[in-house]
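# Structural description and commentary
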Amino acid sequence: MGNRPSTIRDREPDFLPRLPLDKKIPPYALRRRGAISGVSHKPNSPTIERPRFKRRGGVCYDRTDSIAVYIRYLGDAISKQRKASNFSEFDNLPEVPSNVLTCDMKLPPIAQQRRFSVQGKVCPAQQFKKMLHHTAVYTIGADSSSKTLECDKLIGDWNFDLLAFRRISEGRPLYYLGICLFRKHELLAILHLDEQKVMSFLALSEQWYRAGNPYHNGTHACDVTQALNCLISTKKIYVKLTPIELLGAFIAAMVHDIDHPGVNQSYLLNSASPLTEIHGPSSTLESHHCYTAKGIIAESGIISHLSPADQKQVTDIMDEMVLATDMSKHKEYVDDFQKTCAHGLNLDNPSHRLCVLKTALKCADISNPTRPWRICKEWCSAVMDEFFHQGEHMICQ
């Protein structure tokens, strides 16, 4: 036989892997990790699944959803301005001994298989990496006498040490507190909430709080949510609330300051902020929080399985409660609550229950002075830092 010309394959080193030319690459392999973002379908199947708009492990959303598109565009616009958090406001706290606060965690089998694919790693803490193979927070224990205090007992205590809880969760207090609350009040079982969607909602909510803010950050949202849980867990109120109202109330507390820019209403108006053009000069920040939260709700799909009426009730409760945190209208809401009580508070009336929930969130939002002094002092320092940061911005302009 004659000498045949050398080909590229002949010149390849022997150690390079080869893919047989007659072996077809399956579509799912091409779509992995965002390689192809298109319509997926099964061979010989008449049905076509919805397009995958995000890479695997992310959260999908429909490009026709105006709220979801808004939140994505907004995120792209401000992502470059965000700073990594160094949590300096808590640097002076003493270290928490490892035998004082421990975490005992469990995860459902599905979550173990997925390994918390939502938003990448749920918890970046080095000491939690091994636990994440098995667990999300169920209980937070205990003391040197080896007693285990259940999570619902701790988060129901007004003297709850949020700063220690924040250290344990490595900057993810809102996420873990949210899981505890949803399980304590059995909202997952009663409302048939999908646990992966709940975790997605909690992860997105915490992500959308600006970690660079000394005060209006995810830790503040966790503090307010825990305070609200204490206030509405009193027997006379709790037994009258419906599961939908509980869900709406906790969502409102978690998102009541979401994507807060770290400045107040007056600063936004005087600086001609784009937010004032979008939401108007009245309750600008609160309207922005509501609109951002609706985008996260739509993106995570946490209530997508509920009926349209129930979905509307959840978002309406959230809107009413978040708007009530506007301190420029404080007297208006206080007068409304006093008027309702003067005519006889009837918790069987849905409008009276909503009035109580709005007042409870207002109280929870400004509850720092009623906490133990060590915690109150830290919050005072954080809010003063944020005020001074705003003053520095005003001087620069």
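Presented here is an overview of the structure given in this document. (Residues numbered from 1 in each chain as written. Predicted model: local features only at pLDDT ≥ 70, side-chain atom pairs only at ≥ 80, totals over all residues. Heavy atoms only, no water.)

Moving on: the overall build of the protein. Helix and strand counts for the protein come out as 19 helices and two strands. Counting across all 397 residues of the protein, residues that qualify as buried make up 44%. (Helix = DSSP H or I, 4+ residues; strand = E, 2+ residues; numbered from the N terminus. Buried < 20%, exposed > 50% of the residue type's maximum accessible area, 1.4 Å probe, protein only.)

The geometry of helix α9 (residues 195–207) relative to helix α15 (residues 284–300) is characterised by a closest axis approach of 9 Å and an angle of 145 degrees between their N-to-C directions. The element α9 and its partner α15 pack so that their crossing is right-handed. Residues Lys197, Ser200, Phe201, Leu204 and Ser205 of α9 pack against Ile296, Ile297, Glu299 and Ser300 of α15. In the contact of α9 with α15, the residues fall into four nonpolar, three polar and two charged. (Axes fitted to C-alpha atoms, helices over the stretch in contact; angles between N-to-C directions. Left-handed = near helix turned anticlockwise from the far one by under 90°. Contact = heavy atoms within 4.5 Å. Nonpolar A, V, L, I, M, F, W, Y, C, P; charged D, E, K, R; others polar.)

Here we come to the pattern of salt bridges. In a structure, side chains of opposite charge can pair up when their charged atoms sit close to one another. Tallied over the entire structure, the rule returns eleven salt bridges. Close ionic contact of Asp161 with Arg374 constitutes a salt bridge, the shortest N to O distance being 2.6 Å. Of this pair, Asp161 sits in the loop between α5 (151–154) and α6 (162–168) while Arg374 sits in helix α19 (residues 373–396), and the two are 213 residues apart along the sequence. A salt bridge links Asp316 to Lys312; the shortest N-O distance between them is 2.7 Å. Separated by four residues within a single helix, Asp316 and Lys312 lie in helix α16 (residues 308–323), roughly one turn from each other. By relative accessible area, which is 53% here, Lys312 ends up exposed. (Salt bridge = Lys/Arg side-chain N within 4 Å of Asp/Glu carboxyl O.)

Moving on, we get to the environment of Cys376. Examined against the element boundaries, Cys376 turns out to sit in helix α19. In this structure, Cys376 is in contact with Asn368, Pro369 and Arg371, ignoring residues within four places of it in sequence.

This next bit is on the packing of helix α7 (residues 173–184) against helix α10 (residues 218–232). Direction vectors running N to C along α7 and α10 enclose 20 degrees, while the axes themselves pass 8 Å from each other. Taken together, α7 and α10 sit at an angle that is classed as roughly parallel. Considering only the axes of α7 and α10, their crossing is left-handed. Between α7 and α10, the residues in contact are Pro173, Leu174, Leu177, Leu181 and Lys184 and Gly218, Thr219, Ala221, Cys222, Thr225, Gln226 and Asn229, respectively. Residue classes in the contact of α7 with α10 are distributed as six nonpolar, five polar and one charged. (Parallel < 35°, antiparallel > 145°, perpendicular 65-115°, else oblique.)

It is worth spelling out the nonpolar core at this point. With 68 residues, the main nonpolar core has Phe182, Phe201, Leu228, Ile232 and Leu247 as its most contacted residues. Per element, the largest residue contribution to this core is ten residues, and it comes from helix α12 (residues 243–255). Contacts of Ile232, omitting those with residues within four sequence positions, involve Ile237, Tyr238, Leu241, Leu246, Phe250, Leu357 and Ala360. One finds Val263, Leu268, Leu275 and Leu285 within the second-largest nonpolar core, a separate group that totals five residues. (Core = buried A, V, L, I, M, F, W, Y, C linked by side-chain atoms within 4.5 Å.)

Moving on to the side chain of Glu386. Within the element layout of this structure, Glu386 appears in helix α19. Put simply, Glu386 is tucked away with no salt bridge, and the nearest opposite charge, on Arg210, sits 10.0 Å away. Among the polar contacts listed, one links the side chain of Glu386 to the backbone nitrogen of Tyr215, at a separation of 3.0 Å. At 2.4 Å, the side chain of Glu386 and the side chain of His216 are in polar contact. (Lys, Arg positive; Asp, Glu negative; His and termini not counted. Polar contact = N/O pair within 3.5 Å; in protein donor to acceptor, adjacent residues only side chain to side chain.)

Another aspect to go through is the packing of aromatic side chains. By convention here, two paired aromatic rings are described through the distance between centres and the angle between planes. Counted by the stated rule, this structure contains three aromatic pairs. Judged by centre distance (5.5 Å) and plane angle (55 degrees), the ring pair of Phe160 and Phe165 falls under tilted. With a centroid separation of 5.2 Å and an interplanar angle of 85 degrees, the aromatic rings of Tyr175 and Tyr176 are classed as edge-to-face. Residue Tyr175 shares its accessibility class with Tyr176, and that shared class is buried. Between the NZ or CZ atom of Arg371 and the centre of the ring of Trp158, over which it lies, the distance is 4.4 Å. (Phe/Tyr/Trp six-rings, centres within 6.5 Å; stacked < 30°, edge-to-face > 60°. Lys NZ or Arg CZ within 6 Å of the ring centre and 35° of its normal.)

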